[in-house]
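Observations on chain architecture
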Amino acid sequence: MSKSPATRAVARRERPLSPHLTIYRPPITMTMSIIHRITGGALYFGTLLVAAWLIAAASSQAAFDWVNWAFGSWLGRLVLFGYTWALMHHMLGGLRHLIWDTGAGLEKHTASRIAWATLAGSIVLTLLIWIAGYMARGAF
């Protein structure tokens, strides 16, 4: 850095702070983009669970009973509920990007509304799938 008095005076001034998470509120479109990536990663794990269930079904009754017991426990159901939500959210996020690829919905207000609709739609679809599943089993 230069040793001139003018440069030193500029260097002594307080610099603006970068926005911090306590100050900056991420826009919904950015949040949904991050969640879309996270759900994409979670779907890899969930697909391994589906593969484990299919392998157990093909191998033996004991293995299939054990996997059904694990998936039927409260923890297993919670994981499957999360997998269902991740699948629905990722699907709707993909549809959102497909709409954007056509050039529609790119205005700030419209993009935010579509992002909120993606979140609400994924929750509603997940609940409908689980309610339909419980009704089919006669649990309701």
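Just so it is clear, the structure is predicted and the values come from calculations on it, not from any experiment. Residue numbering note: each chain is counted from 1, following its sequence as written. Side-chain atom pairs in this predicted model are given and counted only at pLDDT of 80 or more, local residue features only at pLDDT of at least 70, and totals for whole chains, interfaces and linings cover all residues. Hydrogens and water are ignored here; the side-chain numbers use all heavy atoms of the structure.

A water-sized probe, rolled over the atoms, reveals where empty space remains. Taken as a whole, the largest pocket holds about 320 Å³ of empty space. A pocket here means an open set of points on a 1 Å grid, computed over the protein atoms alone, that has protein on both sides within 12 Å along at least five of seven lines. A cavity is instead a set of points where a 1.4 Å probe fits but cannot get out; residues with an atom within 4 Å of a point line either one. Along its surface, the largest pocket is lined by F71, G72, R77, L80, Y83, T84, L87, I129, W130, G133, Y134 and R137. Sorting the residues of the lining of the largest pocket by element identifies α3 (61-72), α4 (74-101) and α5 (108-137) as the ones contributing at least two each. A class-by-class count of the residues in the lining of the largest pocket yields 7 nonpolar, 3 polar and 2 charged. Grid points are joined across faces, edges and corners, and a volume is the space filled by probe spheres set on the points. A run of H or I in DSSP counts as a helix once it spans at least four residues, and a run of E counts as a strand once it spans at least two, with each numbered from the N terminus. For this classification, the nonpolar set comprises Ala, Val, Leu, Ile, Met, Phe, Trp, Tyr, Cys and Pro, the charged set comprises Asp, Glu, Lys and Arg, and every other residue, Gly included, is treated as polar.

Another point: the UniProt feature "transmembrane region" (unreviewed entry) in the protein. UniProt positions are given in the numbering used here, feature names are shortened, and annotations may be inferred rather than shown by experiment. Annotation from UniProt places "transmembrane region" (unreviewed entry) at residues 42-62, 74-93 and 114-136. For residues 42-62, the helix share is 95%, the strand share is 0%, and the end-to-end C-alpha distance is 28 Å. Helix makes up 100% of residues 74-93 and strand 0%, and the two end C-alpha atoms of the span are 28 Å apart.

One fewer than the residue count of a helix, multiplied by 1.5 Å, yields its expected span. Helix length check: α5, at 30 residues, gives a terminal C-alpha distance of 44 Å against a target of 44 Å (1.5 Å per residue), a fit within 8%. Burial here depends on accessible area, computed with a 1.4 Å probe over protein chains only, as a share of the maximum for the residue type. Under 20% is buried, over 50% is exposed, and the range in between is partly exposed. What α5 keeps buried is the set A111, I114, A115, T118, G121, S122, T126 and W130. In what follows, a contact means two residues having at least one pair of non-hydrogen atoms within 4.5 Å. The inward-facing, buried residues of α5 abut α2 (28-59) and α4.

Pairing of aromatic rings covers Phe, Tyr and Trp, the last through its six-membered ring, and needs centres within 6.5 Å; plane angles under 30 degrees mean stacked, over 60 mean edge-to-face, and all others mean tilted. One pass over the full model with this rule turns up 4 aromatic pairs. Arranged with centres 6.1 Å apart and planes meeting at 45 degrees, the rings of W130 and Y134 form a pair that is tilted. Within this pair, W130 and its partner Y134 are both found in helix α5, separated by 4 residues, close to a single helical turn. Assessed through its relative accessible area of 21%, Y134 is described here as partly exposed. Through pairs of rings, three or more aromatic residues link up here, namely F81, W130 and Y134.

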